[in-house]
Protein chains: 2
Amino acid sequence: MEIALIRVRTLDNIEAVDRHGPLIEKFFPGLRVKCYCIEDQPYGIHDARSEEIARPKVIKLAKKIEGSDAIIVSCAADPGVEELNEELPIPVIGAGKSLACISRTLGDSVGAITITDDVPDIVRRELGKHLLAWKKVEGVKTGIDLESEANFKNALNAAEELVRLGSPVIALACTGFSTIGIAPEICKKLGVPVVDPILAAGSVAYNLMLTREGWNSLKD
Amino acid sequence: MEIALIRVRTLDNIEAVDRHGPLIEKFFPGLRVKCYCIEDQPYGIHDARSEEIARPKVIKLAKKIEGSDAIIVSCAADPGVEELNEELPIPVIGAGKSLACISRTLGDSVGAITITDDVPDIVRRELGKHLLAWKKVEGVKTGIDLESEANFKNALNAAEELVRLGSPVIALACTGFSTIGIAPEICKKLGVPVVDPILAAGSVAYNLMLTREGWNSLKD
């Protein structure tokens, strides 16, 4: 099944540098991902203003995509996802809603780490009463800041604080956490289930593929 | 990762006849499933009374299981799942909650087909306002009845009626639908996403495995 993945951060040479598509292709056999990005947002989405600017760009880009069976919007704020699902004939999967749904299935209460001054609306809404606590990673203003060694450590610390507050599950509420591959590191350090937003979105797309292509589609 | 899967229907020669474990192993590389079943319920769970009888048996069985990293309870009513998650140190994943969560991520409103006179409580609760409509399969009293050709057709008809009512996504609210492998057939006939409860539960377990075993755990 062909997936179009929309990055909300402008990337040069996107096929070479994107890590979200390869992550999905590695773990979900049969999904093929083609990566796209919106224009003129090198710092991605990191606050209400940048989200507002990105939303129409995501919608415009998604409407131009051809030959895909589903679209994944790679941002935990799910910009444009609701609108696109009303307009497009193919499913549009948001990383934020996927993250919230897998997280609440893994635990009755969930702690979320973020790069923004609040939990993205869609994640808050979909977790509902299951959102126990959340924590912004110190020293981080955009997803790109996560890529420094110091902030990787700060993200581990944020998760640790949530576990100390009693979170039995950690939700990574920014797809920048997928870029730096921190989910397994948090799990190794703290021993709790950690939900990665790109793997969550990949799981939802995979469910779609498995029923669409039939159960004999993969080799036994 | 080792998964214990608990069937709520008593099966002789379970390793040979179970179809839920093999379905998960086929589509989620790295998950190994060992199948168990509760005693003295050859007709499984099919109403409030049989659910009430099964719940303590599921709990008792789950507590005796050793050497597993997670447990999947293979029933859309999630009998005992909440209690077990409070008591056991390993995650216990219910097919019902998994089904509801993947379904609501795939569409804002969901139609559910059932074998019971209502939608299982956990599915109703987790879908919330996203449950658009539901339909019991005609001619079916227990999950076993799904295995006749006539009732396979009745199940297709129930899904068709929900699509006619405007359901953009069909949730299969009984793991008996997984046994007969009807998800891809509904999808082929009606062209809408269909969510299978066993694949949904497998997806949740797979997310657990991917962060626990690290992203280098599978071959590139």
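Procedures and definitions
Residues numbered from 1 in each chain as written. Chains lettered and ligands numbered in written order. Predicted model: local features only at pLDDT ≥ 70, side-chain atom pairs only at ≥ 80, totals over all residues. Heavy atoms only, no water. Contact = heavy atoms within 4.5 Å. Buried area = accessible area lost by both parts, 1.4 Å probe. Salt bridge = Lys/Arg side-chain N within 4 Å of Asp/Glu carboxyl O. Polar contact = N/O pair within 3.5 Å; in protein donor to acceptor, adjacent residues only side chain to side chain. Helix = DSSP H or I, 4+ residues; strand = E, 2+ residues; numbered from the N terminus. Nonpolar A, V, L, I, M, F, W, Y, C, P; charged D, E, K, R; others polar. Least-squares fit on C-alpha atoms with pLDDT ≥ 70 in both. Axes fitted to C-alpha atoms, helices over the stretch in contact; angles between N-to-C directions. Parallel < 35°, antiparallel > 145°, perpendicular 65-115°, else oblique. Buried < 20%, exposed > 50% of the residue type's maximum accessible area, 1.4 Å probe, protein only. Arc of directions from axis to C-beta. Disulfide = S-S within 2.5 Å. Pairing = 2+ DSSP bridges. Phe/Tyr/Trp six-rings, centres within 6.5 Å; stacked < 30°, edge-to-face > 60°. Lys NZ or Arg CZ within 6 Å of the ring centre and 35° of its normal.

Asker: Would you explain the interface of chain A and chain B in this entry?
Answerer: Interface size is commonly expressed as the accessible surface area that is lost when the partners come together. Taken together, the contact between chain A and chain B spans 42 residues of the former and 40 residues of the latter. Summing both partners gives a buried area of about 3700 Å² for chain A against chain B, and 66% of it is carried by carbon and sulfur. Linking chain A with chain B are 4 salt bridges. Put simply, Glu 126 of chain A and Arg 104 of chain B hold a salt bridge, and the shortest N to O gap is 2.8 Å. Our count for the chain A to chain B interface comes out at 12 residue pairs in polar contact (both at pLDDT 80 or more). If you list the elements that add at least two residues to the side of chain A that touches chain B, you get α2 (20-27), α5 (95-106), α9 (183-190), β8 (194-195) and α10 (197-213) of chain A. The biggest single contributor to the side of chain A that touches chain B is α10 of chain A, with 10 residues. Partitioned by chemical class, the residues of the side of chain A that touches chain B number 22 nonpolar, 11 polar and 9 charged.

Asker: What am I meant to see in the environment of Leu 88 of chain A here?
Answerer: The residue Leu 88 of chain A is located in the loop between α4 (81-87) and β4 (92-94) in this model. Contact partners of Leu 88 of chain A, with chain neighbours within four places excluded, come to Ala 62, Lys 63 and Ile 71 of chain A.

Asker: Is there a simple way to explain the relation of the copies chain A and chain B in this structure?
Answerer: In this arrangement, two copies of a chain are superimposed by a rotation about an axis accompanied by a shift along the axis. Between chain A and chain B, the superposition needs a rotation of 180 degrees and an axial shift of 0.0 Å, giving an RMSD of 0.0 Å. On this basis, the relationship between the two copies can be described by a two-fold rotation axis. Of every C-alpha in chain A, the one belonging to Cys 101 of chain A sits nearest the axis of rotation, 2.6 Å from it. When you check the interface residues of chain A against chain B, 95% turn up at the interface there too, and the contact is symmetric in its surfaces.

Asker: Explain the packing of α5 of chain A against helix α5 (residues 95-106) of chain B to me, please; I cannot follow it from the model alone.
Answerer: For any two helices packed against each other, one specifies the inter-axial angle together with the distance between the axes. With their axes 9 Å apart at the nearest point, α5 of chain A and α5 of chain B run at an angle of 170 degrees to one another. Taken together, the axes of α5 of chain A and α5 of chain B lie roughly antiparallel to each other. Residues Lys 97, Ser 98, Cys 101, Ile 102, Arg 104 and Thr 105 of chain A of α5 of chain A lie in contact with α5 of chain B, whose contacting residues are Lys 97, Ser 98, Cys 101, Ile 102, Arg 104 and Thr 105 of chain B. Among the residues forming the contact of α5 of chain A with α5 of chain B, the class breakdown is 4 nonpolar, 4 polar and 4 charged.

Asker: Before we go on, may I ask you to explain helix α2 (residues 20-27) of chain B in this structure?
Answerer: Along an α-helix, a turn takes 3.6 residues, which lines up residues three or four apart on a common side. For α2 of chain B, the set of buried residues is His 20, Gly 21, Leu 23, Ile 24 and Phe 27 of chain B. Along the long axis of α2 of chain B, the arc covered by the buried residues comes to 165 degrees, so they all point the same way. Structurally, α2 of chain B contributes buried residues whose contacts are with α10 of chain A together with β1 (2-7), β2 (32-37), β3 (70-74), α8 (176-179) and α10 (197-213) of chain B.

Asker: I keep staring at the state of the cysteines and nothing clicks. Help me out?
Answerer: When the sulfur atoms of two cysteines share a covalent bond, that bond is a disulfide. Residues and elements named next belong to chain B. Evaluation of the coordinates by the stated rule reveals 0 disulfides over all chains. The thiol sulfur of Cys 187 is not disulfide-bonded, and the nearest other cysteine sulfur, from Cys 174, lies at 19 Å. With relative accessibility at 8%, the residue Cys 187 sits in the buried group.

Asker: I would appreciate a short explanation of the sheet that holds β2 of chain B in the present structure.
Answerer: Two pairing modes exist for strands in a sheet, parallel and antiparallel, and in both the strands are linked by backbone hydrogen bonds. Residues and elements named next belong to chain B. Read across the open sheet, the 4 strands follow the order β2-β1-β3-β4; overall the sheet is parallel. Either end of the sheet is taken by a strand with one partner, and the two such strands are β2 and β4 (92-94). Across the sheet, the mean angle separating the axes of adjacent strands is 25 degrees when strand polarity is ignored. Relative to β3, β1 is paired through 5 bridges, and the arrangement is parallel.

Asker: Looking at this structure, how should I read the sheet that holds strand β8 (residues 194-195) of chain B?
Answerer: All names here are of chain B. Across the sheet, which stays open at both edges, the 4 strands sit in the order β6-β5-β7-β8 with parallel pairing between neighbours. If you trace the sheet from one side to the other, it starts and ends with β6 (131-136) and β8, each paired once. Strand direction decides the pairing type here: strand β5 (residues 110-114) and β6, joined by 5 bridges, are parallel. Along β6, the bridge assignment pairs Thr 114 with Lys 136.

Asker: Just to check I follow, could you spell out the packing of aromatic side chains for this structure?
Answerer: The description of an aromatic ring pair rests on the distance of the ring centres and on the angle between the ring planes. With the rule as written, the count across this model stands at 4 aromatic pairs over all chains. Consider the rings of Phe 28 of chain A and Tyr 206 of chain B, whose centres lie 5.6 Å apart with planes at 75 degrees: the pair is edge-to-face. Remark: Tyr 206 of chain B occurs in helix α10 and Phe 28 of chain A occurs in the loop between α2 and β2 (32-37); the pair is interchain, linking two chains. Neither residue differs from the other here; Phe 28 of chain A and Tyr 206 of chain B are each classed as buried. Through pairs of rings, three or more aromatic residues link up here, namely Phe 28 and Tyr 206 of chain A together with Phe 28 and Tyr 206 of chain B. Over the ring of Tyr 36 of chain A we find Lys 34 of chain A; its NZ or CZ atom is 5.3 Å from the centre of that ring.

By themselves, these figures tell us nothing about what the structure is for.
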